Amino acid sequence: MGIGTFLASYWWVIVLAIIVLGSFFTINQGYIGVITMFGKYQRIVRPGLNWKIPILESVYKKVSIQNRSVELEFQAVTMDQANVYFKSMLLYSVQNATEETIKKVAFVFISDRDLMQALIRTIEGNIRSFVATKKQAEVLGLRREIVNYVKVEVDHSLEEWGYHLQDLQINDITFDKVILDSMSKVVASNNLKAAAENEGQALLITKTKQAEADGNSIKISAEAEKTAAMLRGQGVALFRQEVAKGMSEAAEQMKQANLDTNVILFSMWTEAIKNFAEYGKGNVIFLDGSAQGMESTMKQIQALMVKQAGTSDLR
């Protein structure tokens, strides 16, 4: 039997085999298949080996339920007309694997390209609207606020499409070079100002503490000098009292012995010369140490004492 005769006799077997084999298909892990009949939604099928009605049913789309990411680069303008350049990473996925969600995802957009375009433009539009209400100096510190704002605004739209925004990371925020240079100068000048203020405060504290220390030192020295002067005065007064007492007793004894009291003056004179020589420490003192010099000095002292006594009597 030839091939032509076999095909003519058993063609129906070949057609049946093709139909049966075409009825089975597989869905990979991480995907869910959407089945349509005559262009109308029919059902969904899970990963693994599945069956469909030959010719009547067809696999319309395989929807991925895995996480997907995309990188974004776009520009925004602040309230004070400064250009801000963003680099961000968007992570999104299908909300869940229920039939209603998969049906929504399969038919909302014609293709994944249209979905990506709508998603990216929505994210960029929300960030631009947020940045337009802020000044350039505020943008760098509002990274987390921008992300939270976008999530709140975008999640509602994504839910209607059957998707969920997993994460939005703003990796880089930059400005024009002129703005960056001016911001660097502002930071540098603020640092210099803070350093100068700190240095001034440190110098003020140092000077204040030094003045307090000098004042305390002067006060302590004055107190010590006062105490020393008082003690010296007390010592001199006591010394004078003892000298006067001794001289009175010596004079009284010499008077009783019928001796000349000038001997006492001579003794005091010689003791004074001795003390000058012993405790002078090299100082030069011009003093007439002769008997005539002593007599002249004594006369001057006696005259001074008589004058002071007369003054006291007049008073």
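Residues numbered from 1 in each chain as written. Predicted model: local features only at pLDDT ≥ 70, side-chain atom pairs only at ≥ 80, totals over all residues. Heavy atoms only, no water.

Topic: helix α3 (residues 112–131)
Part 1: When the terminal C-alpha atoms of α3 are compared, their 29 Å separation across 20 residues agrees well with the 28 Å that a helix rising 1.5 Å per residue should span.
Part 2: Of the residues making up α3, those classed as buried are Leu-115, Met-116, Leu-119, Ile-120, Ile-123, Glu-124, Asn-126, Ile-127, Phe-130 and Val-131. The buried side chains of α3 occupy one side of the element, clustering within an arc of 160° when seen end-on. In this structure, α3 carries Arg-113 and Arg-121 as exposed residues pointing more than 90 degrees from its buried face.
Part 3: At its buried positions, α3 is contacted by β6 (68–77), β7 (83–94), α4 (136–139), α5 (143–161) and β8 (163–175). (Helix = DSSP H or I, 4+ residues; strand = E, 2+ residues; numbered from the N terminus. Expected span 1.5 Å × (residues − 1). Buried < 20%, exposed > 50% of the residue type's maximum accessible area, 1.4 Å probe, protein only. Arc of directions from axis to C-beta. Contact = heavy atoms within 4.5 Å.)

A look at the sheet that holds β7
Part 1: What the three strands build is an open sheet, ordered β6-β7-β8; its pairing is antiparallel. Unpaired on one side and paired on the other, β6 and β8 mark the two borders of the sheet. The mean angle between the axes of side-by-side strands here comes to 20°, regardless of whether they run parallel or antiparallel.
Part 2: The pairing of β6 with β7 spans ten bridges and is antiparallel. Each residue of the ladder has a partner; that of Val-70, found in β7, is Leu-90.
Part 3: Strands β7 and β8 of the sheet are contacted by α5, whose axis makes an angle of about 145° with β8. (Pairing = 2+ DSSP bridges. Axes fitted to C-alpha atoms, helices over the stretch in contact; angles between N-to-C directions.)

Comments concerning the pairing of strand β1 (residues 24–27)
Part 1: Residues Phe-25 and Ile-27 of β1 are buried on one face, while the alternating residues Phe-24 and Thr-26, pointing to the opposite face, are not.
Part 2: Bridge count for β1 against strand β4 (residues 48–51) is four bridges, and the pairing is antiparallel. In the strand pairing of β4, Thr-26 is matched with Leu-49.

Let's talk about the side chain of Ser-88
Part 1: With respect to the secondary-structure elements, Ser-88 resides in strand β7.
Part 2: Here Ser-88 falls in the buried class, since its relative accessible area comes to 2%.
Part 3: With residues up to four places along the chain from it excluded, the contact list for Ser-88 reads Val-70, Glu-71, Leu-72, Phe-74, Leu-168, Gln-169, Ile-170 and Asn-171.

Thoughts on the confidence of the model for the chain
Where the model shows low pLDDT, its predicted coordinates should not be examined in detail.
Part 1: A residue-level look at the chain finds 72% of positions with pLDDT of 70 or above and a mean pLDDT of 78.
Part 2: Within the chain, the lowest mean pLDDT, 62, falls on helix α8 (residues 291–314), and the highest, 93, falls on strand β2 (residues 31–37). (pLDDT = per-residue confidence, 0-100.)

Description of the sheet that holds β2
Part 1: Here we have three strands laid out as an open sheet, ordered β3-β2-β5, and antiparallel in their pairing. In this open sheet, the two edge strands, each paired with only one partner strand, are β3 (40–45) and β5 (57–64). In this sheet, neighbouring strand axes are inclined to one another by 30° on average, regardless of whether the strands run parallel or antiparallel.
Part 2: The pairing of β2 with β5 spans seven bridges and is antiparallel. When the bridges of β5 are listed, Gly-33 appears paired with Lys-62.

Overview of unusual backbone geometry
Part 1: Non-glycine residue Phe-38 carries a positive phi angle of around 55°.
Part 2: Among the secondary structure elements, Phe-38 is positioned in the loop between β2 and β3.
Part 3: Positive phi outside glycine occurs at Gln-81, with the angle close to 65°.
Part 4: The topology assignment puts Gln-81 in the loop between β6 and β7.
Part 5: Residue Gln-81 is classed as exposed on the basis of its relative accessible area of 65%.

Observations concerning the packing of aromatic side chains
Part 1: Applying the stated criterion to the full structure yields six aromatic pairs.
Part 2: Ring geometry for Tyr-60 versus Phe-107: centroids 5.0 Å apart, planes at 20°, classification stacked. Remark: Phe-107 occurs in helix α2 (residues 99–108) and Tyr-60 occurs in strand β5; sequence separation between them is 47 residues.
Part 3: Tyr-60 sits in the partly exposed class, given a relative accessible area of 41%.
Part 4: Judged by relative accessible area, Phe-107 falls into the partly exposed class, the value being 34%.
Part 5: Ring plane angle 20° and centroid distance 5.4 Å describe the contact between Phe-74 and Phe-86, whose orientation is recorded as stacked. Of the two residues, Phe-74 is situated in strand β6 and Phe-86 in strand β7; the sequence distance between them amounts to twelve residues. (Phe/Tyr/Trp six-rings, centres within 6.5 Å; stacked < 30°, edge-to-face > 60°.)

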